[in-house]
Amino acid sequence: METSQRDEQQRAAEQRRRELLEAADRVVLRDGPGASMNAIAAEAGITKPILYRHFGDKGGLYRALAARHTDALLAGLRAALDAPAERRRRVETTLDAYLAAIEARPQVYRFLMHPADEGTPAEHGFDVGRHSAPLLRRMGEELAQVISERVDLGPDGEELSRAWGHGIVGMMHAAGDWWLRERPFERSLLVRHLADLLWGRLATSGDLPGGPGF
């Protein structure tokens, strides 16, 4: 009986946490990097102390939101990498999946990757800058794992996979950030330009025997 009650309480707490994250998402979509704990608490219909009780502090809420969106982004990238197509096309589809995600929800991207404006008081904004690097590192490690499982890079394969994984993520982030701010041309053209840049040794490397292919 006690175990059942604990399970029910845990499910209720998880449901409440999801509801609070959805409220936070709505504020982020509206306010971007300027999203505040006060605004999120108001959106959820609770007081700020209750919000702190669920997430600890602004950093805890940021990390929960970041995990939510990073998980979704990585799922999209994996789906693109697993699509039945020749290698060049899969590279382009993966690049496009990332760029399409940040284009579709630019306020969420800015919240995750950029601090609030300098003129915004610290109480009202999230200290995003110190949290964004771990997100990029996670994406780099995930991509490195995909490369190491699929591409035959020889005896230094593990080392090269990690260098390539983090390098590709850094390229996507920097190029995507610039493109999202300036919109100098269509997304499809940026995809082609970045694929051209990558299409060196990757084009000539074979698939690992028995692997899922790339």
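Definitions and limits used
Residues numbered from 1 in each chain as written. Predicted model: local features only at pLDDT ≥ 70, side-chain atom pairs only at ≥ 80, totals over all residues. Heavy atoms only, no water. Helix = DSSP H or I, 4+ residues; strand = E, 2+ residues; numbered from the N terminus. Buried < 20%, exposed > 50% of the residue type's maximum accessible area, 1.4 Å probe, protein only. Contact = heavy atoms within 4.5 Å. Areas by Shrake-Rupley, 256 points an atom, 1.4 Å probe, with all protein chains shown as cover. Axes fitted to C-alpha atoms, helices over the stretch in contact; angles between N-to-C directions. Parallel < 35°, antiparallel > 145°, perpendicular 65-115°, else oblique. Left-handed = near helix turned anticlockwise from the far one by under 90°. Nonpolar A, V, L, I, M, F, W, Y, C, P; charged D, E, K, R; others polar. Arc of directions from axis to C-beta. Phe/Tyr/Trp six-rings, centres within 6.5 Å; stacked < 30°, edge-to-face > 60°. Lys NZ or Arg CZ within 6 Å of the ring centre and 35° of its normal. Salt bridge = Lys/Arg side-chain N within 4 Å of Asp/Glu carboxyl O.

Asks: Is there a simple way to think about the overall build of the protein in this case?
Replies: Helices and strands together make up the secondary structure of the protein, namely 10 helices and zero strands. When the helices and strands of the protein are read in sequence order from the N terminus, they spell out α-α-α-α-α-α-α-α-α-α. By the burial criterion, 42% of the 214 residues in the protein qualify as buried. Nonlocal contacts in the protein, meaning residues at least 24 apart in sequence, comprise 69% of its contacts between residues at least 6 apart. When the accessible surface of the protein is split by element, carbon and sulfur atoms take 51% of a total near 11,500 Å².

Asks: How should the side chain of Asp177 be read in this particular structure?
Replies: Note that Asp177 resides in helix H8 (residues 157–182). Owing to a relative accessible area of 13%, Asp177 belongs among the buried residues under this scheme. Beyond its immediate chain neighbours, meaning those up to four positions away, Asp177 contacts Tyr109, His114 and Met172.

Asks: When you look at the packing of helix H5 (residues 87–104) against helix H9 (residues 187–198) in this model, what are you seeing that I'm missing?
Replies: Two packed helices can be described by the angle between their axes and the distance between those axes. It is the contact of H5 with H9, at a shortest axis distance of 9 Å, that shows an interaxial angle of 135°. Compared by their axis directions, H5 and H9 come out oblique. Like other packed secondary-structure pairs, H5 and H9 cross with a definite hand, here right-handed. Between H5 and H9, the residues in contact are Arg88, Val91, Glu92, Leu95, Asp96, Leu99, Ala100 and Glu103 and Arg187, Leu190, Val191, Arg192, Leu194, Ala195, Asp196 and Leu198, respectively. Partitioned by chemical class, the residues of the contact of H5 with H9 number nine nonpolar, no polar and seven charged.

Asks: Is there a simple way to explain helix H3 (residues 48–55) in this structure?
Replies: Three- or four-residue spacings in an α-helix give side chains the same orientation, since the helix completes a turn every 3.6 residues. Turning to H3, its buried residues number three or more, namely Lys48, Leu51 and Phe55. Seen end-on, H3 carries its buried residues on one side only, within an arc spanning 55°. The exposed residues of H3 that point more than 90 degrees off its buried face are Pro49 and Arg53. Of the residues trailing H3, Gly56 is marked for its positive phi of about 90°.

Asks: Could you clarify how one ought to interpret the environment of Pro49 in this entry?
Replies: By secondary structure assignment, the location of Pro49 is in helix H3. Between the alpha carbons of Pro49 and Asn38 there is a distance of 9.9 Å; along the sequence they are 11 residues apart.

Asks: How do you make sense of the packing of aromatic side chains when you look at a structure like this?
Replies: Given two aromatic rings, one states the distance between the centres and the angle between the planes to describe the pair. Scanning the model with the defined rule gives two aromatic pairs in all. Geometrically, the ring pair formed by Tyr62 and Phe111 is tilted, given 5.4 Å between the ring centres and 45° between the ring planes. In this pair, Tyr62 is assigned in helix H4 (residues 58–81) and Phe111 in helix H6 (residues 106–113), connecting sequence segments 49 residues apart. The exposure classification of Tyr62 matches that of Phe111, with both residues buried. Both rings, one in Trp178 and one in Phe185, keep their centres 5.8 Å apart while their planes meet at 65°; by these two values the pair is edge-to-face. The class for Phe185 is partly exposed, based on a relative accessible area of 25%. Directly above the ring of Trp199 sits Arg88, whose terminal nitrogen or CZ lies 5.8 Å from the centroid.

Asks: Explain the pattern of salt bridges to me, please; I cannot follow it from the model alone.
Replies: Side-chain pairing between opposite charges can occur once the charged atoms of the two side chains come close. Scanning the model with the defined rule gives 16 salt bridges in all. A salt bridge links Arg16 to Glu19; its shortest N-O distance comes to 3.2 Å. One end of the pair, Arg16, and the other, Glu19, are both in helix H1 (residues 2–31), three residues apart, so they sit about a helical turn from each other. Classification of Arg16 by relative accessible area gives partly exposed; the value is 28%. Take Glu19: its relative accessible area is 34%, and that puts it in the partly exposed class. Linking Glu92 and Arg88 is a salt bridge whose minimum nitrogen-to-oxygen distance equals 2.9 Å. Taken together, the residues span about one helical turn, with Glu92 and Arg88 both in helix H5 at a distance of four residues. Accessibility assignment for this pair places Glu92 and Arg88 in one class, buried.

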